[in-house]
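Notes for the structure review
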Amino acid sequence: MFKKSIKAYSEACEVIPGGVDSPVRAFKGVGGTPPFIKKGKGAYLYDIDGNRYLDFVQSWGPLIFGHCDKDIEKAVVKTAKLGLSFGAPTTLETKLAQEIVEMYDNIDKVRFVSSGTEATMSAIRLARGVTNKNDIVKFEGCYHGHSDSLLVQAGSGMATFGSPSSPGVPADLTKHTLLCEYNNIEQLKKCFEESSDIACIIIEPIAGNMGLVPADVEFLEACRELCDKHGALLIFDEVMSGFRASLKGASGILDIKADIITFGKVIGAGMPVGAFASRNEIMNQLSPDGKIYQAGTLSGNPVAMAAGLVSLRKLKKNPEIYEELSKKAKRLINGLKKVADKNGIAFQINSRGSMFGFFFCEKEPKNFKDVGTCNFERFATFHNEMLKRGFYFACSQYEAGFVSTKISNKMIDDCIKAADIVMKNLK
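Residues numbered from 1 in each chain as written. Predicted model: local features only at pLDDT ≥ 70, side-chain atom pairs only at ≥ 80, totals over all residues. Heavy atoms only, no water.

Among the surface-exposed residues, Lys4, Lys38, Lys39, Lys41 and Lys70 lie close enough to one another that they form a single positively charged patch. With 3 residues, strand S1 (residues 37-41) is the largest single contributor of residues to the positive patch. By relative accessible area, Lys38 is classed as exposed at 67%. (Patch = residues over 30% accessible without salt bridge, like charges linked within 9 Å, V, L, I, M, F, W, Y side chains within 5 Å. Areas by Shrake-Rupley, 256 points an atom, 1.4 Å probe, with all protein chains shown as cover. Salt bridge = Lys/Arg side-chain N within 4 Å of Asp/Glu carboxyl O. Lys, Arg positive; Asp, Glu negative; His and termini not counted. Charge placed at Lys NZ, Arg CZ, Asp CG, Glu CD. Helix = DSSP H or I, 4+ residues; strand = E, 2+ residues; numbered from the N terminus. Buried < 20%, exposed > 50% of the residue type's maximum accessible area, 1.4 Å probe, protein only.)

Let us look at the side chain of Ser122. Structurally, Ser122 is set in helix H4 (residues 116-131). Taking relative accessible area as the criterion, Ser122 reaches 6% and is therefore assigned buried. Polar side-chain contacts of Ser122 include one of 2.7 Å to the backbone oxygen of Glu118. (Polar contact = N/O pair within 3.5 Å; in protein donor to acceptor, adjacent residues only side chain to side chain.)

A few words on the nonpolar core. Formed by 114 residues in total, the largest nonpolar core has its most connected members in Phe139, Ile203 and Phe382. The biggest single contributor to this core is helix H10 (residues 320-342), with 9 residues. The residues contacting Phe382, other than those within four sequence positions of it, are Leu336, Phe358, Phe360, Phe393, Ala419, Val422, Met423 and Leu426. Counting residues in each nonpolar core, the second largest holds 18 residues, with Ile124, Cys200, Ile202 and Ile260 among its members. (Core = buried A, V, L, I, M, F, W, Y, C linked by side-chain atoms within 4.5 Å. Contact = heavy atoms within 4.5 Å.)

Here we come to the sheet that holds strand S3 (residues 52-55). With mixed pairing, the 4 strands of this open sheet are ordered in space as S1-S2-S3-S18. Looking at which strands have only one partner, the edges of the open sheet turn out to be S1 and strand S18 (391-392). As judged from the 2 bridges shared by S3 and S18, these two strands associate in the parallel manner. Within S18, the position partnered with Leu54 by the bridge is Phe391. (Pairing = 2+ DSSP bridges.)

Before going further, it helps to examine helix H13 (residues 409-424). If you check H13, its first and last C-alpha atoms are 23 Å apart, about what 16 residues at 1.5 Å a residue would give, namely 22 Å. Those residues of H13 that sit buried are Met411, Ile412, Cys415, Ile416, Ala418, Ala419, Asp420, Val422 and Met423. In this fold, the buried residues of H13 make contact with strand S2 (44-47), S3, H10, helix H12 (376-388) and S18. (Expected span 1.5 Å × (residues − 1).)

Our next topic: the sheet that holds strand S16 (residues 348-352). The strand order across the open sheet built from 3 strands is S16-S17-S19, with neighbouring strands paired in antiparallel fashion. Each end of this open sheet is capped by a strand with a single partner; those strands are S16 and strand S19 (401-402). Contacts from H10 reach S16 and strand S17 (355-359), with the element oriented near 175° to S16. (Axes fitted to C-alpha atoms, helices over the stretch in contact; angles between N-to-C directions.)

Let us now look at the confidence of the model for the protein. Residues with a pLDDT of 70 or more make up 97% of the protein, whose mean pLDDT is 94. Across residues 155-160, where pLDDT falls below 50, the model places 14 contacts with residues more than four positions away in sequence or in other chains. (pLDDT = per-residue confidence, 0-100.)

Further remarks concern the UniProt feature "modified residue: N6-(pyridoxal phosphate)lysine" (unreviewed entry) in the protein. Mapped onto this numbering, the UniProt entry gives "modified residue: N6-(pyridoxal phosphate)lysine" (unreviewed entry) at Lys265. Looking at the element boundaries, Lys265 is found in the loop between strand S14 (260-264) and strand S15 (274-278). Assessed through its relative accessible area of 26%, Lys265 is described here as partly exposed. Filtering out sequence-adjacent residues up to four positions away, Lys265 remains in contact with Trp60, Pro62, Val239, Met240, Gly270 and Val273. (UniProt positions renumbered as here; feature names shortened; annotations may be inferred.)

Moving on, we get to H10. The terminal C-alpha atoms of H10, which comprises 23 residues, lie 33 Å apart, in line with the 33 Å expected from a rise of 1.5 Å per residue. Ile321, Tyr322, Leu325, Ser326, Lys328, Ala329, Leu332, Ile333, Gly335, Leu336, Val339 and Ala340 are the residues of H10 that are buried. Tucked inside the fold, the buried residues of H10 contact helix H9 (302-317), S16, S17, H12 and H13. Backbone geometry just after H10 places Gly344 at a positive phi near 70°.

With their axes 10 Å apart at the nearest point, H12 and H13 run at an angle of 130° to one another. By the angle class used here, H12 and H13 are oblique. Helix-helix and strand crossings are classified by hand; for H12 and H13 the assignment is right-handed. Of the residues in H13, those in contact with Phe382, Glu385 and Met386 of H12 are Cys415, Ala418, Ala419, Val422 and Met423. Partitioned by chemical class, the residues of the contact of H12 with H13 number 7 nonpolar, no polar and 1 charged. (Parallel < 35°, antiparallel > 145°, perpendicular 65-115°, else oblique. Left-handed = near helix turned anticlockwise from the far one by under 90°. Nonpolar A, V, L, I, M, F, W, Y, C, P; charged D, E, K, R; others polar.)

In this model, Ser287 is joined to Pro288 through a cis peptide bond whose omega is 15°. Here Pro288 shows up in the loop between helix H8 (280-283) and H9. Its identity is not glycine, yet Ser59 carries a phi of approximately 55°, on the positive side. By the element assignment, Ser59 lies in the loop between S3 and helix H2 (70-80). Judged by relative accessible area, Ser59 falls into the partly exposed class, the value being 37%.

In structure tokens:
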């Protein structure tokens, strides 16, 4: 079933660390060999062995219209024929920025970059430059890319400065990062008591990197209040949830406004892209207008801009898509919950728009520590058995899932039927 993928993975391991260019793809969280994908079409992925999978990963979020959407594909091909990259301004950058700015009353300007990591890294530098402060607050389980100051693990105290969580990251680069438990207001308050040098809080308002764990509204309100009280900026990392959870991401669901928002994934419709955005008074401090430096040779790549422009315009023109996707996500997780309950399996579910998550545990996880108590072995078995039956879920309990417009109710019902069979053997 995976003969060619096994061979391909072995060959990849000879020339690529771990055989992959992003660690989660190695399937270490679920075991087995990762299928090597040959193509995607509509709701499906096809691997080099000829296996077909209903795709609930969607390139980790950006493919709202599924694989090879005709409108996006047409724009990409047309733009690519004019040149892949110029390292110079194009009107496509302005048009995409205008589309984003028009949707938010707390955004005046956008700066495009090439990845989510760059977006969050740049947003933090901007916050530090604007506030003239050094410390940042982040939360366990929220992933904001692999820049040095964000690769931290918990210290010994309840709320303390983080220490490096990866070799190659000097302690001096993480000493200004305070690490708190997600959804824990008291720990957050303690951070501000311990430091008067906090430049910003950075948070995934809808966390998708410890499974799907949305922040409590009261917790986000506390983030906003503490930033206002202490002269810090609030950064919403919406690299995953932006234009996914709703047309305006978490900002369209919550009545809480961030000072800086980071975007990625969806605004490139599958092409590598990221962005950060804010009010004029903040963005105007960026070079070349201001003194805070940030740059990127391939930022605003025309092919990525063209893909994102078509995708965002389709979404803005058809906002009912979000309600349809939300119903599909709920149909899926509610169906999985029903068969889990029927088979006596402890199972928790959650969704925000077209994002969903499920956990094999007794109570709904509210933070990274809670997720750590889930049955990872059961998740791995479920994942592998569903993969054999043609259903491609995220290959880690720490990742969210996604639905696309190409996934039908019948496809979802077929998945639930397969899950029922699998769960009978999970007891």
